[in-house]
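Report on the structure
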Amino acid sequence: MPAMDAYTLNLVFLFVALLCQVLISGTSVECWLRRDLPRPQRFTWLALSLAGLLFALHNGYALELAVRTGLYDFRQATLSMLAGLLAAFAVHRFRRLAE
């Protein structure tokens, strides 16, 4: 298997970050739809869902820019992926606490 260059690795990292943000948003919407949670907690889940969607949109635009033009920032993609993975882990844990 050939080694990946920085550009390909950048695309993979941005895709993983995008996927994490979409999963965060979906999980947050699922928790927001639960009627047994207190109202302030439901609004917090809604805000987290909207934030996840905006971050997913941002990562999607960065991915599109890299694919269409070849312009990319490897450090930004790495940080986006790490932030997405950590946030997805945190949301998963918060969801388990809310149950």
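Quick note: structure is the one above.
Residues numbered from 1 in each chain as written. Predicted model: local features only at pLDDT ≥ 70, side-chain atom pairs only at ≥ 80, totals over all residues. Heavy atoms only, no water.

1. So, a nonpolar patch on the surface
To keep it simple, the criterion reads: Only residues whose relative accessible area exceeds 30% and that form no salt bridge enter a patch; like-charged residues are grouped when within 9 Å of one another, and nonpolar side chains (Val, Leu, Ile, Met, Phe, Trp, Tyr) when within 5 Å. Working definition of accessibility: Shrake-Rupley area with a 1.4 Å probe, residue cover restricted to the visible protein chains. When a carboxyl oxygen of Asp or Glu is within 4 Å of a side-chain nitrogen of Lys or Arg, the pair counts as a salt bridge. Runs of H or I in DSSP of at least four residues are treated as helices and runs of E of at least two as strands, each being numbered from the N terminus.
Together, Phe-15, Leu-19 and Leu-23 make up an exposed nonpolar region whose accessible area comes to about 310 Å². Along the polypeptide, Leu-19 turns up in helix H1 (residues 6–32).

2. Some thoughts on the nonpolar core
Which entries qualify depends on this criterion: Only buried residues count toward a nonpolar core, which is a set of Ala, Val, Leu, Ile, Met, Phe, Trp, Tyr and Cys residues joined through side-chain atoms within 4.5 Å. We call a residue buried when its accessible area falls under 20% of the maximum for its residue type, exposed when it is over 50%, and partly exposed in between, using a 1.4 Å probe and counting protein chains only. By definition, residues are in contact when any of their heavy atoms lie within 4.5 Å.
Core analysis: the biggest nonpolar cluster contains 9 residues, these being Leu-11, Phe-13, Leu-14, Ala-17, Ala-62, Leu-63, Ala-66, Ala-77 and Met-81. Looking at this core, the elements with two or more residues in it are H1, helix H2 (39–69) and helix H3 (74–98). For this core, the element with the most residues is H1, which contributes 4 residues. Beyond its immediate sequence surroundings of up to four residues, Leu-11 is in contact with Leu-63, Ala-66 and Val-67. Grouped together as the second largest cluster of nonpolar side chains are 6 residues, Leu-37, Trp-45, Val-91 and Ala-98 included.

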